[in-house]
Number of protein chains: 4
Amino acid sequence: MTTVVKDMLSTYPADLGNVDREKMARCIEECLACAQACTACADACLSEGMVGDLTKCIRTDMDCADICTATAAVLSRHTGYDANITRAILTACATACKACAEECERHAGMDHCRVCAEACRRCEQACNDLLGSLG
Amino acid sequence: MTTVVKDMLSTYPADLGNVDREKMARCIEECLACAQACTACADACLSEGMVGDLTKCIRTDMDCADICTATAAVLSRHTGYDANITRAILTACATACKACAEECERHAGMDHCRVCAEACRRCEQACNDLLGSLG
Amino acid sequence: MTTVVKDMLSTYPADLGNVDREKMARCIEECLACAQACTACADACLSEGMVGDLTKCIRTDMDCADICTATAAVLSRHTGYDANITRAILTACATACKACAEECERHAGMDHCRVCAEACRRCEQACNDLLGSLG
Amino acid sequence: MTTVVKDMLSTYPADLGNVDREKMARCIEECLACAQACTACADACLSEGMVGDLTKCIRTDMDCADICTATAAVLSRHTGYDANITRAILTACATACKACAEECERHAGMDHCRVCAEACRRCEQACNDLLGSLG
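Residues numbered from 1 in each chain as written. Chains lettered and ligands numbered in written order. Predicted model: local features only at pLDDT ≥ 70, side-chain atom pairs only at ≥ 80, totals over all residues. Heavy atoms only, no water.

## A few points about the overall build of chain A
Applicable threshold: Where helices and strands are cited, they refer to DSSP runs of H or I of at least four residues and of E of at least two residues respectively, numbered from the N terminus. Radius of gyration here is computed from C-alpha atoms only, and the compact-globule reference equals 2.2 Å multiplied by the residue count raised to the power 0.38. Throughout, exposure labels follow a simple rule: accessible area from a 1.4 Å probe, protein chains only, divided by the maximum for the residue type, with under 20% read as buried, over 50% as exposed, and the rest as partly exposed. Pairs of residues are marked as contacts when any of their non-hydrogen atoms sit within 4.5 Å. Residue burial considers only the protein chains on display, and all accessible areas are found by Shrake-Rupley using a 1.4 Å probe.
Assigned secondary structure in chain A consists of 5 helices and 0 strands. For chain A, the succession of helices and strands along the chain, N to C, is α-α-α-α-α. On C-alpha atoms alone, chain A measures out to a radius of gyration of 16 Å, which is about the 14 Å that the 2.2 N^0.38 rule sets for 135 residues. Dimensions of chain A along its principal axes, counting C-alpha atoms only, are 55 × 25 × 20 Å. Per-residue burial over chain A gives 64% buried out of 135 residues. Long-range pairs, those at least 24 residues apart, make up 70% of the contacts in chain A with a sequence separation of at least 6. Entry remark: accessible area of chain A is about 4,500 Å², with carbon and sulfur atoms responsible for 45%.

Following this line, the structure appears as structure tokens:
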């Protein structure tokens, strides 16, 4: 996976501008990993006996998965770059990841929420790191 | 379509809080319509003889479609509402719609770009109207 | 919404081939409506007191939403048409809509499941109608 | 990435049934990698001087990305498993990956198409392997 993201970045045929390739590749990967973890965590919550106490967690998982998926796609495009769109979706993604991490951390006694919270925190950090590197 | 969005909103079994149902339903629908128009516009651009001049338009169309799709999904959920996530994705969506409308308006001599720009402007407005109605 | 889908189809700048435009536009619209209904139904189920009895319904709703969204996007593209891809995703979409309709019909006493089941049945029919019209 | 997919699978709190965990984890990962590669390849094609000759490739890339994303999400859920839906979306995914691999292989002189074709072939194989392991 790491390999494909980096290989696609390094085979882009035009100028990538001032983008920090390391931070970009990392952020794309963390978005994909976080989207997957959140989708799986929402589903795992559905199989818990106490699902009635986990409805906010399931909902936040689903929002975070949708936003991370959109962010990974936007970041995978470089042609006709628009800094406003990139900044806005990265900000939304960091916001969703932070909210989902906080929610999952409340149930970190369940291993799926603990693993998911860690994926959300890594993605939040990667979004903020990339945001900080944009001009 | 209008009917389904409103019917799903009116059959939600819990309290919707202070949400402006009219603005919410309108925004969900405009997001879905804009996502479809942008996907179709990117494809229509690919069939133009001058596709080489439309690459920025195609790219912005694709970003806008992805972000509108994610926004429609987030807005379709009401359980465990998190105002920060809703605001952040609506802001990203309005930003993408504005950028895509401006780009398509540059090629409004092509009917697909004209129709798509109108869909983007309606969605941008609907996102801003809903944002304005949130507490 | 109906207007935008039809307008984008009628402004496509190249030859659409033998496609039945009426069935195509209808299918795109039903996919978008079904995706929205399923996302909202999964969320509505989360707010029911008996959510523990609705986990299969929530899961099927989410699968159906994801597959309908992908199908609407594929059908919105006409350039470089590949009949094998179109047939395969329409078949998957009809399968998911049928399964989701059957599941929601089991809980049709809840209005959101009743409305969602109707959207799924319309989408299943539209997918099968379009499939039948392909060469 | 590999780690997160496997960790989410191993922390699922209920019975996974007869699923081949190795094939399941591999397939989810290849779907995510293929979706990213296809999104990036469509964008890279837009930056080629000969973009007018690559329109079918761009279109197939976009279809493949959408279908792989939906497949990864469906496979990440285990609650309320429906073999018909899983089989249908895996079949659609293998079909799209095969078509996209064949198209990209025609332009394998461009490095992004070569890398993308390899990702598509791995995903096609992983989908077929998982399909073969289902009862």
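## Describing the pattern of salt bridges
The condition that has to hold: By definition, a salt bridge exists where a carboxyl oxygen of Asp or Glu is found within 4 Å of a side-chain nitrogen of Lys or Arg.
Counted according to the given criterion, the structure contains 52 salt bridges over all chains. For Asp63(A), the salt bridge is made with Arg77(B), and the minimal N-O distance between the two is 2.7 Å. Here Asp63(A), found in helix 3 (residues 55-75), pairs with Arg77(B), found in the loop between helix 3 (55-75) and helix 4 (83-105), and the two come from separate chains. The exposure class assigned to Asp63(A) is buried, which follows from its relative accessible area of 1%. Where salt bridges share partners, they join Arg59(A), Asp63(A), Asp66(A) and Arg77(B) into one cluster.

## Quick look at the relation of the copies chain D and chain C
Rules: When the copies are superposed, the least-squares fit draws on C-alpha atoms of residues that have pLDDT of at least 70 in both.
Aligned on chain C, chain D shows an RMSD of 0.0 Å; the corresponding rotation is 180° and the shift along the axis is 0.0 Å. Taken together, the turn and the small shift mark the pair as related by a two-fold rotation axis. Comparing contact sets, 100% of the residues at the interface of chain D also lie at the interface in chain C, consistent with an isologous, same-surface contact.

## Examining the interface of chain D and chain C
Reports often express the size of an interface as the amount of accessible area lost when the parts come together. To be explicit about the condition: The term buried area refers to how much accessible surface (probe radius 1.4 Å) is lost by two components on association, counted for both of them together.
Counting residues at the interface gives 25 residues for chain D and 25 residues for chain C. Note on chain D versus chain C: buried area summed over both sides is about 2,200 Å², and carbon and sulfur give 64% of it. When the area that chain D buries against chain C is broken down by residue, the three leading residues are Arg59(D), Arg77(D) and Ile85(D), summing to 30%. Asp66(D) serves as the salt-bridge partner of Arg77(C), at 2.9 Å between the closest nitrogen and oxygen.

## Considering the relation of the copies chain D and chain A
Between chain D and chain A, which share one sequence, the superposing operator has a rotation angle of 180° and an axial displacement of 0.0 Å; the RMSD is 0.0 Å. Interface residue correspondence from chain D to chain A reaches 100%, placing this contact among same-surface, isologous pairings.

## Considering the packing of helix 2 (residues 21-46) of chain C against helix 5 (residues 111-133) of chain C
Residue and element names in this part refer to chain C. Selection criterion: Axes here refer to lines fitted to C-alpha atoms; in helices the fit is confined to the stretch in contact. Angles between the N-to-C directions go from 0 to 180 degrees. Angle categories: roughly parallel below 35 degrees, roughly antiparallel above 145, roughly perpendicular from 65 to 115, and oblique for all the rest. Crossing handedness: left-handed means the near helix sits turned counterclockwise from the far one by under a right angle, and right-handed means the same turn made clockwise. Under the grouping applied here, Gly and all other residues not named as nonpolar or charged are polar, the nonpolar ones being Ala, Val, Leu, Ile, Met, Phe, Trp, Tyr, Cys and Pro and the charged ones Asp, Glu, Lys and Arg.
For the pair helix 2 and helix 5, the least separation of the axes is 8 Å and the interaxial angle reads 155°. If you check the angle between helix 2 and helix 5, you find them roughly antiparallel. Seen along the crossing, helix 2 lies across helix 5 with a hand that is left-handed. Between helix 2, through Lys23, Met24, Arg26, Cys27, Glu30, Cys31, Cys34, Ala37, Cys38, Cys41, Ala44 and Cys45, and helix 5, the contact on the second element is made entirely by His112, Cys113, Cys116, Ala119, Cys120, Arg122, Cys123, Ala126, Cys127, Asp129, Leu130 and Ser133. Of the residues belonging to the contact of helix 2 with helix 5, the class tally is 17 nonpolar, 2 polar and 5 charged.

## Let's talk about the interface of chain D and chain A
This is how the line gets drawn: Counted as a polar contact is a pair of N or O atoms within 3.5 Å, where, for protein atoms, one must be capable of donating a hydrogen and the other of accepting one, and residues adjacent in sequence contribute only when both atoms are in side chains.
Contacts between the two partners involve 34 residues from chain D, matched on the other side by 34 residues from chain A. For the pairing of chain D and chain A, the buried interface totals around 2,800 Å² over both sides, and the portion due to carbon and sulfur atoms is 71%. Taken together, the connections running from chain D to chain A amount to 0 salt bridges. Viewed at the interface, chain A and chain D are joined by 10 residue pairs in polar contact (both at pLDDT 80 or more). For the side of chain D that touches chain A, the elements supplying multiple residues, two or more each, are helix 1 (2-10), helix 2 (21-46), helix 3 (55-75) and helix 5 (111-133) of chain D. Counting residues per element, the side of chain D that touches chain A draws most heavily on helix 2 of chain D, at 12 residues. Here the residues of the side of chain D that touches chain A are counted per class, giving 18 nonpolar, 9 polar and 7 charged.

## A word on helix 5 of chain C
Applied cut-off: Take the residue count of a helix, subtract one, and multiply by 1.5 Å to get its expected span.
Taking 1.5 Å per residue as the helical rise, helix 5 of chain C with its 23 residues ought to reach 33 Å, and the 33 Å between its terminal C-alpha atoms agrees with that figure. Along helix 5 of chain C, the residues classified as buried are His112(C), Cys113(C), Val115(C), Cys116(C), Ala117(C), Ala119(C), Cys120(C), Cys123(C), Glu124(C), Ala126(C), Cys127(C) and Leu130(C). Contacts from the buried residues of helix 5 of chain C go to helix 1 (2-10) of chain B together with helix 2, helix 3 (55-75) and helix 4 (83-105) of chain C.

## As for the confidence of the model for chain A
Rules: pLDDT measures the predictor's confidence residue by residue and takes values from 0 up to 100.
Put simply, chain A has an average pLDDT of 97, and 99% of its residues get 70 or more. Both scores are given for the predicted complex: the pTM is 0.98, the ipTM 0.97.

## Quick look at helix 4 (residues 83-105) of chain D
With 23 residues, helix 4 of chain D extends 32 Å from end C-alpha to end C-alpha; this agrees with the ideal 33 Å at 1.5 Å per step. A distance of 2.9 Å separates the backbone nitrogen of Asn84(D) from a side-chain oxygen at the start of helix 4 of chain D, and that oxygen is part of Asp82(D).

## Let's talk about the environment of Met62(A)
Counting through the fold element by element, Met62(A) comes out in helix 3. The spatial distance from the C-alpha of Met62(A) to the C-alpha of Gln36(A) is 10 Å, given a sequence separation of 26 residues. When neighbours within four sequence positions are excluded, Met62(A) is seen to be in contact with Ala42(A), Arg77(B), Leu46(C) and Met62(C).

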